[in-house]
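Observations on chain architecture
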Amino acid sequence: WFQECKNSSGSSIGVPFRDTSIERKFSFPISVTERCKPMFERYLTFDATLKAAVHNFNAGHPVSDWYSIQEGSRATTVPKTSSIDRMICIEPTGNMYLQQGLMSLMYDRMSHFGLDVSSLPDLHNQLAYESSITSRYATIDWSSASDCVSIELLRWLLPPKWFFILDLVRSPNITMDGDVIELNMFS
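In this report, we go over the structure that sits alongside the text. A quick note: this is a predicted structure, and the numbers were derived from the prediction, not measured.

The rules we used
Residues numbered from 1 in each chain as written. Predicted model: local features only at pLDDT ≥ 70, side-chain atom pairs only at ≥ 80, totals over all residues. Heavy atoms only, no water. Helix = DSSP H or I, 4+ residues; strand = E, 2+ residues; numbered from the N terminus. Polar contact = N/O pair within 3.5 Å; in protein donor to acceptor, adjacent residues only side chain to side chain. Axes fitted to C-alpha atoms, helices over the stretch in contact; angles between N-to-C directions. Left-handed = near helix turned anticlockwise from the far one by under 90°. Contact = heavy atoms within 4.5 Å. Nonpolar A, V, L, I, M, F, W, Y, C, P; charged D, E, K, R; others polar. Core = buried A, V, L, I, M, F, W, Y, C linked by side-chain atoms within 4.5 Å. Buried < 20%, exposed > 50% of the residue type's maximum accessible area, 1.4 Å probe, protein only. Patch = residues over 30% accessible without salt bridge, like charges linked within 9 Å, V, L, I, M, F, W, Y side chains within 5 Å. Areas by Shrake-Rupley, 256 points an atom, 1.4 Å probe, with all protein chains shown as cover. Salt bridge = Lys/Arg side-chain N within 4 Å of Asp/Glu carboxyl O. Pairing = 2+ DSSP bridges.

Okay, the environment of Gln70 next. For Gln70, the location among the structural elements is in strand β2 (residues 67-70). Sequence separation of Gln70 and Cys89 is 19 residues, and the distance between their C-alpha atoms is 13 Å. Polar contacts involving the side chain of Gln70 include one to the side chain of Ser68, which spans 2.7 Å.

Now the structure itself:
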């Protein structure tokens, strides 16, 4: 898992979209949730190169300023089309870094069972086209499908170690318009 961790190209809490460089993402304070902080610190012990870079980016800062503890992610909206917006959650930097590693690991594991996530959109487009002619398959398009994955469903579906790690790095809350809202789902 740790070998797959990386930054995404997007912003994170404390890192604006206009500057998502590795230097900016790992300049103090690094945003992270309280539950994820020990795992992120463990990661830095694993990756001596990144740990040295973090120290170099922050020369002169006291160790007490390393982290900005967050309740979870921050909700905002981005344009989906010219007429509607969609909600996104901006994650704490430390959480997102570890989440990216888990995503890569899951994609790799899924590929061993013939599920290449990168090619699924093309396959789904092909099947939808063929089915529009043959009526062989039907699709259900839930506009908020990612909001329907409950914590208990994943606890039931996943091996305990997987669920524990995924739950550890997820954001348990979102902040929206200054209010902290507990999340009862995975996304």
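Additional details are given in the paragraphs that follow.
Two elements in contact, helix α4 (residues 93-111) and helix α7 (residues 160-169), have axes whose closest approach is 9 Å; the angle formed by their N-to-C orientations is 145°. In this structure, α4 crosses over α7, and the sense of that crossing is left-handed. Counted together, Asn95, Leu98, Gln99, Leu102, Leu105, Met106 and Arg109 of α4 and Trp162, Ile165, Leu166 and Val169 of α7 form the full contact between these two elements. For the contact of α4 with α7, the per-class residue count stands at eight nonpolar, two polar and one charged.

What follows deals with the side chain of Ser171. Tracing the chain through its elements places Ser171 in the loop between α7 and β6 (173-176). In terms of polar contacts, Ser171 uses its side chain to reach the side chain of Glu91, at 2.7 Å. With residues near it in sequence (within four places) discarded, Ser171 still touches Thr33, Gly72, Ser73, Glu91, Pro92, Asn95, Gln99 and Leu183.

Further remarks concern the nonpolar core. Judged by nonpolar contacts, the single largest core of 26 residues is most densely connected at Phe40, Tyr43, Leu44 and Leu98. Those elements giving two or more residues to this core turn out to be β1 (30-33), α2 (37-46), α3 (48-57), α4, α6 (151-157) and α7. In terms of residue count, the dominant contributor to this core is α7 (five residues). Filtering out sequence-adjacent residues up to four positions away, Tyr43 remains in contact with Phe2, Cys5, Leu50, Tyr97 and Leu98.

A cluster of nonpolar residues, Leu123, Leu127 and Tyr137, forms a patch on the protein surface that exposes about 260 Å² of accessible area. Along the chain, Tyr137 falls in the loop between α5 (120-134) and β5 (149-150).

Let us look at the pairing of strand β4 (residues 85-90). The sheet contact formed by strand β3 (residues 73-79) and β4 spans six bridges and is antiparallel. If you follow Thr76 over to β4, its bridge partner there is Ile88. Hairpin remark: β3 followed by β4, antiparallel, with five residues in the connecting loop.

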